[in-house]
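In case you want the letters, here they are:
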Amino acid sequence: MKKLKRRETAKLTTPFQRTLFEFAHVLVGSAIVAVAFNLFLLPNQIASGGVAGISTLFVELFGFEPAFTQWAFNIPLFIAGVVLLGGSLTGSLLYGAKTLAGTLFLPYVVFLTRHWEPATQDPLLASIMGGVGVGLGLGIVFRSYSSTGGTDLAAQIITKYTGITLGGSIFIIDGLVVTSSAVVFGFEFALYALLALFITGKTIDVVQVGAGYSKMVLIISEYEEEVKQGLLTQVDRGVTKLAGYGGYTNHDRPVLLCVVGRNEVTKLKQLVKTIDAQAFVIVTDASEVLGEGFKRK
C-alpha cells in the first residue's frame with residue numbers, strides 16, 4: 001500500500017513543478033554561498049578558491065566591490081562556456097538556464113548583504129564555518145543538477161582543450177588562487193583558505209550523498225545457504241549471490257553481497273560467526289544506497 005502511494009505521489013509532480021523546485025534550489029543554494037562569503041570568508045581575508053576567492057584578492061589589491069568582480073568574471077566565463085563547450089553546456093537548455101541563474105544571482109546576494117556585520121573575527125572559526133556554508137550552498141545547487149558557473153566553467157574549458165582531468169583543472173585554478181592569497185595576505189591566511197576549501201569539499205559530499213554511510217558486506221562461506229537464510233530472516237536484509245571462483249582451491253565459491261546500516265554491522269558479523277567461524281567477511285563503506293529499505297530514489 002505504501003509503495004502504491006509513493007508511485008501516485010510521484011505522478012502528481014509535473015515536469016514544470018520539478019523545474020520550479022530545481023530553480024528554487026539554485027537560488028537558495030546561491031544565497032547561502034553568498035551569505036557565508038560575506039559573514040565569514042571576505043571579512044577574514046580567506047580566499048578559498050574560485051571566483052569568490054579572486055574577488056577577495058581584488059578587494060585587497062584594488063578595492064573593487066566583490067559582487068562586481070564576480071559578475072565581471074562569471075558572465076564572460078558563461079558566454080565562453082556557451083561558445084567553447086557547446087553541447088556539453090547547452091545540450092540541456094534547462095541546465096544552461098539554471099547555471100545562468102546561479103551565475104547572476106550569487107553575486108547579487110553578495111551585493112545585497114555586503115554591509116552585514118561579520119559573524120566572527122577569528123580566522124580559524126571563519127574558515128571552518130565559511131567552508132561549511134559554502135559547501136552547504138554548493139551542495140544544494142549541485143543536487144538540482146546545476147552550477148554557479150565561474151571557475152567550474154573555466155575548468156571545463158581547460159579540460160576540453162588540454163586533456164587535463166576536470167578535477168585536475170579545478171585543482172590548478174583553486175591552487176593558483178590560494179597561492180596568490182599567500183602572496184597578498186600571508187602564508188597563514190593561505191592555510192586558512194586551504195582548510196576552508198577542504199571543508200567545502202567534504203560538506204558538498206555530505207549534502208550530495210548524505211552523512212548516514214551504509215556498509216557493504218561481502219561474505220565467502222562454506223555454509224553460504226545457512227548464512228543467506230540468516231541474513232534474510234534475522235538481519236532482515238536482502239542478499240545477492242555472486243558467482244565466484246577460488247583462485248587457490250580452483251573451486252566455485254559463491255560470494256554473498258549484503259548492504260546494511262551501520263548499526264546492523266555487529267549483528268551481521270555475530271550471525272556469520274555463529275554459523276561459520278571460518279567465513280571470510282569484507283566490510284566496506286557504501287556512501288550512498290538507493291532502493292528498498294534505504295534512501296528513496
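The name an unreviewed UniProt entry gives the protein is DUF2179 domain-containing protein, with Alkalicoccus saliphilus as the organism. Under Subcellular location (unreviewed entry), UniProt gives the following word-for-word description of the protein: "Cell membrane".

A separate point is the packing of helix H3 (residues 50-62) against helix H9 (residues 166-185). In the contact formed by H3 and H9, the axes pass within 10 Å of each other and the chain directions differ by 20 degrees. Taken as axis vectors, H3 and H9 run roughly parallel relative to one another. Regarding H3 and H9, the two cross each other, and that crossing is left-handed. Facing H3, whose interface residues are Gly 50, Gly 53, Ile 54, Thr 56, Leu 57, Glu 60 and Leu 61, H9 presents Asp 174, Val 177, Ser 180, Ser 181, Val 184 and Phe 185. Residue composition of the contact of H3 with H9, grouped by class: 6 nonpolar, 5 polar and 2 charged.

Take helix H7 (residues 123-143) next. Over its 21 residues, H7 runs 29 Å from end to end, which matches the ideal 30 Å to within 8%, given 1.5 Å per residue. Its side-chain oxygen placed 3.0 Å from the backbone nitrogen of Leu 124, Asp 122 serves as the N-cap of H7. The first or second residue beyond H7 is Tyr 145, which carries a positive phi of 55 degrees.

How two aromatic rings sit relative to each other is given by the distance of their centres and the angle of their planes. Overall, the coordinates contain 8 aromatic pairs when judged by the stated rule. Each ring, one from Phe 105 and one from Tyr 108, has its centre 6.3 Å from the other, and the planes form 40 degrees; the classification is tilted. Of this pair, Phe 105 and Tyr 108 both sit in helix H6 (residues 93-112), separated by 3 residues, roughly a single helical turn. Judged by relative accessible area, which is 25%, Phe 105 ranks as partly exposed. One aromatic cluster is present, formed by Phe 58, Phe 62, Phe 64 and Phe 73 through successive ring pairs.

Further remarks concern the environment of Glu 117. Position of Glu 117 among the secondary structure elements: in the loop between H6 and H7. Residue Glu 117 is classed as exposed on the basis of its relative accessible area, which comes to 65%. Sequence separation between Glu 117 and Asn 38 is 79 residues; the distance between their C-alpha atoms is 8.4 Å.

Okay, the nonpolar core next. Across soluble globular proteins, nonpolar side chains show a tendency to be buried alongside one another. One finds Leu 41, Ile 46, Val 110 and Val 134 to be the most contacted residues of the largest nonpolar core, which totals 22 residues. The set of elements that each furnish at least two residues to this core consists of helix H2 (15-41), H6, H7 and helix H10 (187-209). When sequence neighbours within four positions are dropped, the list of residues in contact with Val 134 reads Val 33, Ala 36, Leu 41 and Thr 200.

Turning to the side chain of Gln 70, a few remarks are in order. When you line up the elements, Gln 70 lands in helix H4 (residues 66-85). Judged by its relative accessible area of 3%, Gln 70 falls in the buried class. For Gln 70, the residues in contact, after removing those within four places along its chain, are Phe 37, Val 51, Ala 52, Ser 55, Leu 106, Pro 107 and Val 110.

A word on the UniProt feature "transmembrane region" (unreviewed entry) in the protein. Per the UniProt record, the feature "transmembrane region" (unreviewed entry) sits at residues 20-40, 71-89, 95-112, 124-146 and 166-199. Summarising residues 20-40: 100% helix, 0% strand, and an end-to-end C-alpha distance of 30 Å. Between the C-alpha atoms that bound residues 124-146 there is a distance of 30 Å. The span itself is 87% helix and 0% strand.

All right, on to the pattern of salt bridges then. Side chains carrying opposite charge are able to pair once their charged atoms draw close together. The final tally for this structure, using the stated rule, is 6 salt bridges. Notably, a salt bridge pairs Lys 241 with Glu 224, separated by 3.3 Å at the nearest N-O pair. Of this pair, Lys 241 sits in strand E2 (residues 240-242) while Glu 224 sits in helix H11 (residues 224-235); the two residues are 17 residues apart in sequence, bridging distant segments of the chain. Residue Lys 241 is classed as partly exposed on the basis of its relative accessible area, which comes to 42%.

Bridging between strand E1 (residues 214-220) and strand E4 (residues 280-286) involves 7 bridges; their strand directions are antiparallel. Residue pairing across strands places Lys 215 opposite Asp 285, the latter belonging to E4. Across 5 bridges, E1 lies against strand E3 (residues 255-260) in antiparallel orientation. Across the sheet, residue Leu 218 finds its bridge partner in E3, namely Leu 257.

In this section: the environment of Val 283. Note that Val 283 resides in strand E4. For Val 283, a relative accessible area of 37% corresponds to the partly exposed category. The spatial distance from the C-alpha of Val 283 to the C-alpha of Leu 218 is 6.6 Å, given a sequence separation of 65 residues. Discounting residues that sit within four places of it in the chain, Val 283 has contacts with Lys 215, Met 216, Val 217 and Val 265.

Parameters at a glance
Residues numbered from 1 in each chain as written. Predicted model: local features only at pLDDT ≥ 70, side-chain atom pairs only at ≥ 80, totals over all residues. Heavy atoms only, no water. UniProt positions renumbered as here; feature names shortened; annotations may be inferred. Axes fitted to C-alpha atoms, helices over the stretch in contact; angles between N-to-C directions. Helix = DSSP H or I, 4+ residues; strand = E, 2+ residues; numbered from the N terminus. Parallel < 35°, antiparallel > 145°, perpendicular 65-115°, else oblique. Left-handed = near helix turned anticlockwise from the far one by under 90°. Contact = heavy atoms within 4.5 Å. Nonpolar A, V, L, I, M, F, W, Y, C, P; charged D, E, K, R; others polar. Expected span 1.5 Å × (residues − 1). Polar contact = N/O pair within 3.5 Å; in protein donor to acceptor, adjacent residues only side chain to side chain. Phe/Tyr/Trp six-rings, centres within 6.5 Å; stacked < 30°, edge-to-face > 60°. Buried < 20%, exposed > 50% of the residue type's maximum accessible area, 1.4 Å probe, protein only. Core = buried A, V, L, I, M, F, W, Y, C linked by side-chain atoms within 4.5 Å. Salt bridge = Lys/Arg side-chain N within 4 Å of Asp/Glu carboxyl O. Pairing = 2+ DSSP bridges.

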